[in-house]
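Letter by letter, the chains look like this.
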Amino acid sequence: MRDSIRQRDILKLFRPHQYIKNGFVWLGIIFAHRYDYVTLAHVALAFLAFCAAASSVYVANDILDIESDRLHPIKRNRPIARGALSVQSGWILSGFLGIGALAISYPVGQAAMLIIAGYLIINLAYSLQLKHVVILDVFIISAGFMLRIMAGTVAVDITPSRWLLLTGLMITLFLGFAKRRAELVTLENAGITDSTSVRRVLDDYSDVVLDQLISITAACTVLSYGLYTVSPETARMQGTHALFYTLPFVIYGIFRYLFLLHHRSRGSDTAKDLVTDKHMIVTVLGWLIVTLVVLA
């Protein structure tokens, strides 16, 4: 019984539900029509490498944030924060996962290994200090997603579209600022007035500033993706102008997420929101199906 509880705690520590974020790795082959066996195998390995790397970062972050997590109304239930797993065991798991991520990416090539190494380094810097720097903290989160896109494009010899990279940047900034807004709401609902004891950077944010940043990045996401779909370069590469018909799904998804953020107190866990909200599930599946049909 104790072993099963320990395994459950370890699995919770890895946060496998967050692996949905690594779906950004697959964007390159979808829009580049590269479905050969070698490319698919390499992207699959890059995806698995990012799963291991992300879990390594989550474990390390839980160790470094152990004191503040114990004061948080939700994070205090994490295995390390509540003492279910020791700090020493956590460091061993984190190191094992980090080395494993590099090993998994090795068959893909040097570029993939460098991207994974870069992801681990910037996230370690984030956990140690950069998460306390207002605005920059969200840009670091966004950089992690951009590295995922690079792993699924540059690392497997696919040239990424500049419009697609811009869209990726905007939507990840949008999600990052929405996360900060949701964290403020969570603390307010829990009656915690001193945000510095839980996440120091929240003291530098305010509802007004975050709402402005969210509005700007949401608008830029829709605009950049819309321009990507109607770009002559995109039409030439895809052989069709019909990619424009996927735009309504992106707009609806952004609007739905804003609704969840302001009226359902969601947004602190993007991965969980995507797999638990029926509207978001249908929107993502609809976008994927229409995109594949159009590109086919």
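No experiment lies behind these values; they were computed from the predicted model shown. (Residues numbered from 1 in each chain as written. Predicted model: local features only at pLDDT ≥ 70, side-chain atom pairs only at ≥ 80, totals over all residues. Heavy atoms only, no water.)

Draft legend 1. Layout of the pattern of salt bridges. The full count for this structure, using the stated rule, is 12 salt bridges. As a salt-bridge pair, D36 and R34 come within 3.6 Å of each other at their nearest N and O atoms. Its relative accessible area of 34% is what places D36 among the partly exposed residues. By relative accessible area, R34 is classed as partly exposed at 27%. Measuring nitrogen to oxygen at the nearest pair gives 4.0 Å for the salt bridge that ties K179 to E183. Of the two residues, K179 and E183 both sit in helix 8 (residues 162-189), 4 residues apart, roughly one turn of that helix. A cluster of three or more residues bridged by salt bridges with shared partners is formed by D137, K179, R180 and E183. (Salt bridge = Lys/Arg side-chain N within 4 Å of Asp/Glu carboxyl O. Buried < 20%, exposed > 50% of the residue type's maximum accessible area, 1.4 Å probe, protein only. Helix = DSSP H or I, 4+ residues; strand = E, 2+ residues; numbered from the N terminus.)

Draft legend 2. Fine view of unusual backbone geometry. In this model, I135 sits at a positive phi of 75 degrees, which is unusual for a non-glycine residue. On the secondary structure map, I135 appears in the loop between helix 6 (110-128) and helix 7 (136-151). In the Ramachandran plot, D157 falls in the positive-phi region, its phi being about 65 degrees despite a non-glycine side chain. Structurally, D157 is set in the loop between helix 7 and helix 8. With relative accessibility at 68%, the residue D157 sits in the exposed group.

Draft legend 3. Representation of the packing of aromatic side chains within the structure. Under the counting rule described, the total for this entry stands at 8 aromatic pairs. Between Y225 and Y228, the ring centres sit 6.2 Å apart and the planes meet at 45 degrees, which makes this aromatic pair tilted. One end of the pair is Y225 and the other is Y228, both in helix 9 (residues 207-230) and 3 residues apart, which spans about a single turn. A relative accessible area of 2% means that Y228 is categorised as buried. Measuring from centroid to centroid gives 6.0 Å for F244 and Y245, while their planes differ by 70 degrees, and the two rings are edge-to-face. On the basis of relative accessibility, which here comes to 57%, the residue Y245 falls in the exposed class. Among the aromatic side chains, those forming a connected cluster through ring pairs are F31, Y225, Y228 and W287. The ring centre of F145 lies 4.9 Å from the NZ or CZ of R148, which sits over that ring. (Phe/Tyr/Trp six-rings, centres within 6.5 Å; stacked < 30°, edge-to-face > 60°. Lys NZ or Arg CZ within 6 Å of the ring centre and 35° of its normal.)

Draft legend 4. Just empty space enclosed by the protein, in detail. A complete count under the given rule lists 1 cavity of 30 Å³ or more for this structure. In this model, the largest cavity occupies a volume close to 60 Å³. Looking at the largest cavity, the residues that line it are L27, G28, F31, A32, T153, I158, T159, P160, S161, L164, Y228 and M237. Here the element with the most residues in the lining of the largest cavity is helix 2 (residues 27-32); it accounts for 4 residues. Its residues placed into classes, the lining of the largest cavity shows 8 nonpolar, 4 polar and no charged. (1 Å grid on protein atoms, 1.4 Å probe; cavity = no way out; pocket = protein on both sides within 12 Å on 5 of 7 lines; lining within 4 Å. Points joined across faces, edges and corners; volume = space filled by probe spheres on them. Nonpolar A, V, L, I, M, F, W, Y, C, P; charged D, E, K, R; others polar.)

Draft legend 5. Expanded view of the side chain of S94. Residue position: S94 is located in helix 5 (residues 87-105). When neighbours within four sequence positions are excluded, S94 is seen to be in contact with S56, V59 and A60. (Contact = heavy atoms within 4.5 Å.)

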